[in-house]
2 protein chains.
Amino acid sequence: MTRPTVNDIAREAGVSLATVDRVLNDRPGVRAKTVSAVQEAVARLGYVRDMAAANLARQRSYQMVAALPDGDSQFLAELEQALREAGSGAAQARVALQILRYPAEDVHALAAALAALPDTTSGVALMAPETPVVRDALRSLRARGIPVIALVSDLPNTERDHFIGIDSRAAGRTAAVLMGRFCGGSTGSILAIAQSMHLRDAVDRRRGFDEVMLAEFPGLTVLPTLETHGADSTLRAVVTEALRHAPDVRGIYLMGAGHRALAATLADLGLTGRMVIIGHELTPHTRQALLSGHIDAVITQNMGHLARSALRVLRARADHAAIDAAQEQLRIEIVIRENLAP
Amino acid sequence: MTRPTVNDIAREAGVSLATVDRVLNDRPGVRAKTVSAVQEAVARLGYVRDMAAANLARQRSYQMVAALPDGDSQFLAELEQALREAGSGAAQARVALQILRYPAEDVHALAAALAALPDTTSGVALMAPETPVVRDALRSLRARGIPVIALVSDLPNTERDHFIGIDSRAAGRTAAVLMGRFCGGSTGSILAIAQSMHLRDAVDRRRGFDEVMLAEFPGLTVLPTLETHGADSTLRAVVTEALRHAPDVRGIYLMGAGHRALAATLADLGLTGRMVIIGHELTPHTRQALLSGHIDAVITQNMGHLARSALRVLRARADHAAIDAAQEQLRIEIVIRENLAP
DNA sequence: TGCAGCTTGAGGTACGCACCTCAAAAAACG
DNA sequence: CGTTTTTTGAGGTGCGTACCTCAAGCTGCA
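What you are looking at is a predicted structure, and each value in this text was computed from that prediction instead of being measured.

Conventions we followed
- Residues numbered from 1 in each chain as written.
- Chains lettered and ligands numbered in written order.
- Predicted model: local features only at pLDDT ≥ 70, side-chain atom pairs only at ≥ 80, totals over all residues.
- Heavy atoms only, no water.
- Contact = heavy atoms within 4.5 Å.
- Buried area = accessible area lost by both parts, 1.4 Å probe.
- Salt bridge = Lys/Arg side-chain N within 4 Å of Asp/Glu carboxyl O.
- Polar contact = N/O pair within 3.5 Å; in protein donor to acceptor, adjacent residues only side chain to side chain.
- Helix = DSSP H or I, 4+ residues; strand = E, 2+ residues; numbered from the N terminus.
- Nonpolar A, V, L, I, M, F, W, Y, C, P; charged D, E, K, R; others polar.
- Least-squares fit on C-alpha atoms with pLDDT ≥ 70 in both.
- Buried < 20%, exposed > 50% of the residue type's maximum accessible area, 1.4 Å probe, protein only.
- Pairing = 2+ DSSP bridges.
- Axes fitted to C-alpha atoms, helices over the stretch in contact; angles between N-to-C directions.
- Domains from an automatic or database assignment.
- Near = heavy atom within 4 Å.

**Remarks on the interface of chain B and chain A**
- Taken together, the 36 residues of chain B in the interface contact 36 residues of chain A.
- Of the roughly 3,100 Å² buried at the junction of chain B and chain A (both faces included), carbon and sulfur atoms supply 50%.
- When the area that chain B buries against chain A is broken down by residue, the three leading residues are Arg181, Arg331 and Glu338 of chain B, summing to 22%.
- Linking chain B with chain A are eight salt bridges.
- Among the ionic pairs, Asp296 of chain A bridges to Arg181 of chain B, the shortest N-O distance being 2.6 Å.
- Our count for the chain B to chain A interface comes out at 10 residue pairs in polar contact (both at pLDDT 80 or more).
- Of all the elements in the fold, those that place two or more residues in the side of chain B that touches chain A are α4 (51-58), α8 (168-182), α9 (200-216), α13 (303-319) and β12 (333-335) of chain B.
- Counting residues per element, the side of chain B that touches chain A draws most heavily on α8 of chain B, at seven residues.
- When its residues are assigned to classes, the side of chain B that touches chain A shows 16 nonpolar, eight polar and 12 charged.

Listed below in structure tokens is the structure:
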């Protein structure tokens, strides 16, 4: 009835508690035959280690690290905040999360910081661009036995243990469907704006967006991506310029930050409310824009889920435990004013 | 550096370990002055009880119960499945979840089952209609010190400790916005179909739907709700009849089950793909319908989150611990083909 | 046969906490 | 003041596991 304990295993296998312990914890000095006897007893009784008690005894604490690029984007601020909360929430589970911000453009600084992590680190969650330097840093981390998961933006499969985030291409496709349908069958062109097309995410989003627009909404033409490089003034300039050349713009797909600048620019041009606007990532700005009607929809991922999922996966990795893939699957969320959480 | 333990509290407060224990566990025989001395020490050191160790010592196990109406709807099957998985996932945290199915129409049977629960039950999650019998049963449960949370469909505030589910009215509003925008500014009428308008959820959804349709899409008229009572044949009959009388139907809002029957009916009438269809609850049927293009969007809540949230909240109630409201807030999810999880 | 080396058992300590008992100290009371 | 009552301390045991030591048993090999 009650859960079997190590003592039950010992009795069932006809060995001593010490031997069971040696087997369960991969300690040497046990004959292969005895090992399998114990393992059979474990299987027979359906024993599962009581992690709470084990961690208590082990005096183990998980030293997790999350590394994010620096920068004052609201998205990163939200992510950091979510990680921080997940970290303090998990404190009772003996996990301590340290958040590391590295200079956004300086992957060498990131690599150095990762190399400086103590061997006692039990896991690293990383949001970083996909460069050779980063790849090497990850490989070296993993060689040291430290699991690494990619956050938000995926890294090459072989270099990380897990990816936590949404499929950017599917997110782009989702944005396209909403854009197409919200435009209601009319013809015209669509403006796509990104911070930079050097980031993998932006490229994937754009790719997904184009796929669907081409296939399902042939009446709408997506113009070449405008890059803002994170500067509001640049956004204003390129949008103004683009709208001058293409007066038939029916919608704007804003793939990165800049919603306030965009709203201001459209207001100045007297175009507020005249086109469908779809953005990414729910932040205070986009939330406000949804409420005020400046944006029609936002495609996002839940930062809280992402952060908690990251910690869970890292813990599971550290414990060599299984991961519930379904639970860790992040959804591509569609947010409009009506389903905005209060 | 490390977390303070009860011993640290004892030293800090200048009392013995036994006294700290008495205070922490609300045991009698401690002077008010001493109690506050201990509490101050707790606050000063930022002590938080190690729940894992506490439960280990207490030999505590949580006996949770989830009661759902009987019936073969996919939604209920998914919910039960999700609860079952959440339960086995939480088994390592010493919670055992028993799932109780009661005859859908028989609230007396439900009341009897609830009354028969042992006093050792640590919490009940309940999906039930809002009737006096249910209300009394809940009141009596809570009088016995057993926390009760409402699942999916809320119960009157005073009778339950918590509600886990989405705001049905907001869900209806969300459906309306999608319906209106997907119809693309055209005029006509909208069919609304429910299993029964006796369920609180359906009424709320309809209310939210109407609010938005009236205010934002005056060109679209929502016809009176058709009730199917869960029978495919009824659905077919009422839909066929309704479409005969109203040839200008532009969209269908299916608030409950019946997607297969609806698809078949429309196919027979040669209307497949001719109108916007919006449904509720992601199930194998609606998922299939999204993939095949028979439905345009589904408004849903994540069963996995719901189930896990229910267990978390029940546990927190049992432990008299705080609840992270933000984490337990279920989202109204919008699902279209493009953001359907694989 | 004897000895080294491997394997196993027995038992202890610790983790942080709950819960129990008994005696001693302190406070309240008449 | 003595007596009763309340409050407190000291200490123990156990939860399920990890990890350590030491001695005893077993194995194979020269």
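Additional details are given in the paragraphs that follow.
**Regarding the relation of the copies chain B and chain A**
- For the pair chain B and chain A, the relating rotation is 180°, the translation along its axis is 0.1 Å, and the fit reaches an RMSD of 0.2 Å. Taken together, the rotation and translation describe the operation of a two-fold axis. Every residue of chain B has its C-alpha some distance from the rotation axis, and the shortest such distance is that of Gly184 of chain B, at 2.1 Å.
- When the interface residues of chain B are mapped onto chain A, 100% of them are again interface residues, pointing to one common binding face.

**Overview of the side chain of Asp161 of chain B**
Residue and element names in this part refer to chain B.
- If you trace the backbone, Asp161 turns up in the loop between β4 (148-151) and β5 (162-164).
- By relative accessible area, Asp161 is classed as buried at 17%.
- Polar side-chain contacts of Asp161 include one of 3.2 Å to the side chain of Arg142.
- Non-local contacts of Asp161, meaning those with residues more than four positions away in its chain, are made with Arg142, Pro147, Val148 and Arg317.

**What to know about the sheet that holds strand β3 (residues 123-126) of chain A**
Residues and elements named next belong to chain A.
- With respect to topology, five strands assemble into an open sheet ordered β2-β1-β3-β4-β5, the strand pairing being parallel. Strands with a single pairing partner mark the edges of an open sheet, and in this sheet they are β2 (95-102) and β5 (162-164). When the angles between neighbouring strand axes are averaged without regard to direction, this sheet yields 20°.
- Two strands pair when backbone bridges link them, and strand β1 (residues 62-69) and β2 are joined in this way by eight bridges, in the parallel orientation.

**Looking at the domain arrangement of chain A**
- With domains assigned, chain A is organised as domain 1 (6-49), domain 2 (61-166 + 303-330) and domain 3 (168-300).
- Just the C-alpha atoms count here: the centres of domain 1 of chain A and domain 2 of chain A sit 35 Å apart.

**Let's talk about the protein's contact with DNA strand D**
- Every one of the 28 residues lining DNA strand D counts as a neighbour, but Tyr47, Arg49 and Ala57 of chain A together with Thr19 and Thr34 of chain B are closest to it.
- In DNA strand D, atoms within 4 Å of the protein come from the sugar-phosphate backbone in 71% of cases.
- A distance of 3.1 Å separates a phosphate oxygen of DNA strand D from a polar side-chain atom of Asn25 of chain A.
- Counting only elements with at least two residues in the surface near DNA strand D, the list comes to α2 (17-24) and α4 (51-58) of chain A together with α2 (17-24) and α4 of chain B.
- A total of five residues in the surface near DNA strand D trace back to one element, the largest contributor, which is α4 of chain A.

**Digging into unusual backbone geometry**
Residue and element names in this part refer to chain B.
- Positioned with a positive phi, His229 is a non-glycine residue whose angle comes to about 55°.
- Looking at where His229 falls in the secondary structure, it is placed in the loop between β8 (226-227) and α10 (232-245).
- Among the residues examined, His229 registers a relative accessible area of 59% and is labelled exposed.

**Some details on the protein's contact with DNA strand C**
- The full set close to DNA strand C counts 29 residues, and Ser16, Thr19 and Thr34 of chain A together with Tyr47 and Arg49 of chain B are the nearest of them.
- The share of sugar and phosphate among atoms of DNA strand C within 4 Å of the protein is 72%.
- Between DNA strand C and Leu56 of chain A there is a distance of 3.4 Å, counted from a base oxygen to a backbone nitrogen or oxygen.
- In this structure, Ala57 of chain A approaches DNA strand C through a main-chain N or O atom, which is 3.1 Å from a base oxygen.
- When residues of the surface near DNA strand C are traced back to their parent elements, those giving at least two are α2 and α4 of chain A together with α2 and α4 of chain B.
- Here the surface near DNA strand C takes five residues from α4 of chain B, the largest share from any one element.
- A class-by-class count of the residues in the surface near DNA strand C yields 11 nonpolar, eight polar and 10 charged.

**Digging into the pattern of salt bridges**
- Under the defined criterion, the tally for this structure stands at 49 salt bridges over all chains.
- A salt bridge links Asp210 of chain A to Arg206 of chain A; its shortest N-O distance comes to 3.0 Å. Pair noted here: Asp210 of chain A and Arg206 of chain A are both in helix α9 (residues 200-216), with a separation of four residues, about one helical turn.
- In this structure, Asp319 of chain B and Arg315 of chain B form a salt bridge, with 3.5 Å as the shortest nitrogen-oxygen distance. Pair noted here: Asp319 of chain B and Arg315 of chain B are both in helix α13, with a separation of four residues, about one helical turn.
- Judged by its relative accessible area of 22%, Arg315 of chain B falls in the partly exposed class.

**Notes on α4 of chain A**
- Measuring from the side-chain oxygen of the N-cap residue of α4 of chain A to the backbone nitrogen of Ala52 of chain A gives 3.0 Å; that N-cap residue is Asp50 of chain A.
- Of the residues flanking the end of α4 of chain A, it is Gln59 of chain A, one or two places downstream, whose phi is positive at about 55°.

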